[in-house]
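Structure at a glance
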Amino acid sequence: MERFQKQIAFEPLGSKGQEVLSRSKALVVGLGGLGSHVAEMLCRMGIGGLRLVDRDYVDVTNLHRQALYTEEDADQVRPKALALRERLKSINSRVAVEGKVWHVDASNVTRLLKGVDVVIDGSDNLSLRFLLNEACVRAGKPLVFGAVAGSQGYAMAVLPGVTACLRCLLSQNTVPQPVRDTGLYPPTVRVTSALQCSLAVQALVRRKPEKAWAGRLHVLDVWSVEMEAISVARRVGSDPCPVCVRGEFEWLSAEKPTGPQVIVDDDVVNILPERKAEVDLNVIRARLQRVQHVKANEYLVWAQIGDVEMAVFRDGRMSVKGVGDWSEAVHLYERYLGE
Ligand SMILES: [Zn+2]
């Protein structure tokens, strides 16, 4: 029996679509609720390859909405990209799955896009979305945007040169509220990620961007059970889109500041070293010997100090959660990673 016979029997996909899917590779940036579910679905459906990227580790507060992670992953502070890669390999061993524990920025996004056919936005912040949008428009690769807040989900397929891009969209429509303000109802993640998965498959197997799926912002509410599609026009004319019309890529060409870089996203502070260099995690562990709650694996050292959680990754990055002010995170960075 053919493993994918049921989906091949679905005529719009068919054996031709399945063949294309099996030769395609997707990049999934951000492996939270949306990214983990999209990756799982694409893997089960028999995509050829997946490149999974996330800078964070599994936390018990992720488990109510994110796919495939376990309490054991949280207990062992496993990086999401690697925990998910292991699960996916056991679900469909024919899929080539790569996992990268990276903070995505202008210095590495172009490398990440190499060899992939579609990009899934599983990020949770606007600056990363704008960066992905520019990278995809410049490379001419489809990007499937997704966002969730409360019981509302948003999804849109961006086909560079054909449909509106994210910059066009965000100048015309209401930007979704961050998850923190509205909470998040878990079924929203499932429905929105399923829609993102379908848009990604269609971007791969359909030649023509028919109105039904491309260039429209799909907005759904799983609590009031409503769904609508809003047409998003490309911003041409007197006030053209800087990205997809004028070809200006400000996020991609952003200058790297000198010294360690501090990035604040909601309640998480990430501090990147000036130059990437592998750190000896045993040395970091030794510096934390007086701290009671310390965990370590081959990718990171994690410690809880009062209400603050910090993790030092092999590439010299530190992530800090639970600080009131980012300067507290800088203080920790100087203390444990300073020269
Ligand atoms: Zn645009």
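For the structure, see preceding data.
Residues numbered from 1 in each chain as written. Predicted model: local features only at pLDDT ≥ 70, side-chain atom pairs only at ≥ 80, totals over all residues. Heavy atoms only, no water.

1. Observations regarding the overall build of the protein chain
- The helix and strand tally for the protein chain stands at twelve helices and 14 strands.
- Over its C-alpha trace the protein chain gives a radius of gyration of 20 Å, about what one expects of a compact globule, namely 20 Å for 339 residues.
- On the principal axes, the C-alpha backbone points of the protein chain span a range of 60 × 55 × 40 Å.
- Residue burial in the protein chain is summarised as follows: out of 339 residues, 53% are buried.
- By sequence separation, contacts in the protein chain at least 24 residues apart represent 63% of the contacts at least 6 residues apart.
- When the accessible surface of the protein chain is split by element, carbon and sulfur atoms take 49% of a total near 16500 Å². (Helix = DSSP H or I, 4+ residues; strand = E, 2+ residues; numbered from the N terminus. Rg over C-alpha atoms; globule rule 2.2 N^0.38 Å. Buried < 20%, exposed > 50% of the residue type's maximum accessible area, 1.4 Å probe, protein only. Contact = heavy atoms within 4.5 Å. Areas by Shrake-Rupley, 256 points an atom, 1.4 Å probe, with all protein chains shown as cover.)

2. Focus: a nonpolar patch on the surface
- A cluster of nonpolar side chains, contributed by Val262, Val264 and Trp326, occupies part of the molecular surface with about 270 Å² of accessible area.
- Along the polypeptide, Val264 turns up in strand 9 (residues 261-265).
- Here Val264 falls in the partly exposed class, since its relative accessible area comes to 43%. (Patch = residues over 30% accessible without salt bridge, like charges linked within 9 Å, V, L, I, M, F, W, Y side chains within 5 Å. Salt bridge = Lys/Arg side-chain N within 4 Å of Asp/Glu carboxyl O.)

3. Considerations on the coordination of the zinc ion
- Coordination of the zinc ion by the protein comes from Cys165 (SG), Cys168 (SG), Cys241 (SG) and Cys244 (SG), over a distance range of 2.3 Å.
- Here the zinc ion binds four donor atoms, and the angle range of 98 to 123° at the metal identifies the geometry as tetrahedral.
- Summarised as a motif, the one-chain spacing of the donors to the zinc ion is C-x2-C-x72-C-x2-C. Separated by 76 residues along the polypeptide, Cys168 in helix 8 (residues 166-170) and Cys244 in the loop between strand 8 (226-231) and strand 9 bring together distant segments of the chain. Take Cys168 and Cys244: they sit in the same class, and that class is buried. (Donors = N, O, S within 2.8 Å, 3.2 Å for Na, K, Ca; no water. Tetrahedral: all angles 85-135°; square planar, octahedral: opposite > 155°, others 65-115°.)

4. Digging into the packing of aromatic side chains
- Throughout the structure, instances matching the rule amount to two aromatic pairs.
- With a centroid separation of 4.9 Å and an interplanar angle of 85°, the aromatic rings of Tyr185 and Trp223 are classed as edge-to-face. With Tyr185 in the loop between helix 9 (179-182) and helix 10 (186-205) and Trp223 in the loop between strand 7 (216-221) and strand 8, this residue pair connects regions lying 38 residues apart in the sequence.
- Tyr185 gets classed as partly exposed once you look at its relative accessible area, which sits at 33%.
- The ring of Trp302 carries the charged tip of Lys295 above its face, separated from the ring centre by 5.1 Å.
- One cation-aromatic arrangement involves Lys321 over Tyr57; the distance from NZ or CZ to the ring centre is 4.2 Å. (Phe/Tyr/Trp six-rings, centres within 6.5 Å; stacked < 30°, edge-to-face > 60°. Lys NZ or Arg CZ within 6 Å of the ring centre and 35° of its normal.)

5. Topic: the sheet that holds strand 10 (residues 268-272)
- In space, the six strands of this open sheet follow the order 9-10-14-13-12-11, with antiparallel pairing throughout. Every other strand in the sheet has two partners, leaving strand 9 and strand 11 (293-296) as the edge strands with one partner each. Here the average twist between neighbouring strands, direction ignored, is 15°.
- Strand contacts of helix 12 (residues 326-337): strand 9, strand 10, strand 12 (300-305), strand 13 (308-313) and strand 14 (318-321), with the helix running at about 140° to strand 14, the strand carrying the most contacts. (Pairing = 2+ DSSP bridges. Axes fitted to C-alpha atoms, helices over the stretch in contact; angles between N-to-C directions.)

6. Points about the state of the cysteines
- Under the definition given, this model contains zero disulfides.
- Among the cysteines around Cys43, which has no disulfide bond, Cys197 carries the closest sulfur, lying 11 Å off.
- Assessed through its relative accessible area of 0%, Cys43 is described here as buried. (Disulfide = S-S within 2.5 Å.)

7. Side note on helix 5 (residues 80-91)
- With twelve residues, helix 5 ought to run about 16 Å at 1.5 Å a step, and its terminal C-alpha atoms sit 16 Å apart, in line with that.
- By the burial criterion, the buried members of helix 5 are Lys80, Ala81, Leu82, Ala83, Leu84, Leu88 and Ile91.
- Buried residues along helix 5 sit in contact with helix 3 (33-44), strand 2 (49-53), helix 4 (71-75) and strand 3 (96-100). (Expected span 1.5 Å × (residues − 1).)

Treat this as a map of the structure, not an account of what it does.
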